[in-house]
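# Descriptive analysis of the structure
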Amino acid sequence: MNSGERKHRQRVVTVDSASRVAPWGQYLWYARMRLQGRWLERAGFTAGTRVTVAVSDGRLVISRAEG
């Protein structure tokens, strides 16, 4: 596989759930997704990189933040 093919590979991750306790004692559940791996670094997302997440129906686009 050459580097050009590596740039455009898709990754499959699972959305799972997590919870936290609200100030009034009730558990609040929410969806979460964890992205990790060397592929992030190869894509230009090293530790400390600020990102923006564009959200639309059924789609998330993650990009390095400008500035």
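Residues numbered from 1 in each chain as written. Predicted model: local features only at pLDDT ≥ 70, side-chain atom pairs only at ≥ 80, totals over all residues. Heavy atoms only, no water.

Bringing a nonpolar patch on the surface into the picture now. Together, Val13, Val15, Met33, Leu35, Val51, Val53, Val55, Leu60 and Ile62 make up an exposed nonpolar region whose accessible area comes to about 740 Å². Among the elements of the structure, strand E3 (51-56) and strand E4 (59-64) are those that each provide at least two residues to the nonpolar patch. Among the elements that make up the nonpolar patch, the one with the highest residue count is E3 (3 residues). Structurally, the position occupied by Leu60 is in strand E4. Looking at Leu60, the relative accessible area reads 48%, which means it is partly exposed. (Patch = residues over 30% accessible without salt bridge, like charges linked within 9 Å, V, L, I, M, F, W, Y side chains within 5 Å. Areas by Shrake-Rupley, 256 points an atom, 1.4 Å probe, with all protein chains shown as cover. Salt bridge = Lys/Arg side-chain N within 4 Å of Asp/Glu carboxyl O. Helix = DSSP H or I, 4+ residues; strand = E, 2+ residues; numbered from the N terminus. Buried < 20%, exposed > 50% of the residue type's maximum accessible area, 1.4 Å probe, protein only.)

So, on to the pairing of strand E1 (residues 16-21). Of the strand pairs in this sheet, E1 and strand E2 (residues 27-32) are connected by 6 bridges, and their pairing is antiparallel. In the strand pairing of E2, Ser19 is matched with Trp29. Here E1 hands over to E2 after 5 residues, with Gly25 in that stretch at a positive phi of 95°. (Pairing = 2+ DSSP bridges.)

Here we take up the confidence of the model for the protein. Predicted confidence across the protein gives a mean pLDDT of 88, with 88% of residues reaching 70 or more. Per-element confidence in the protein ranges from a low mean pLDDT of 54 for helix H1 (residues 3-7) to a high of 96 for E3. (pLDDT = per-residue confidence, 0-100.)

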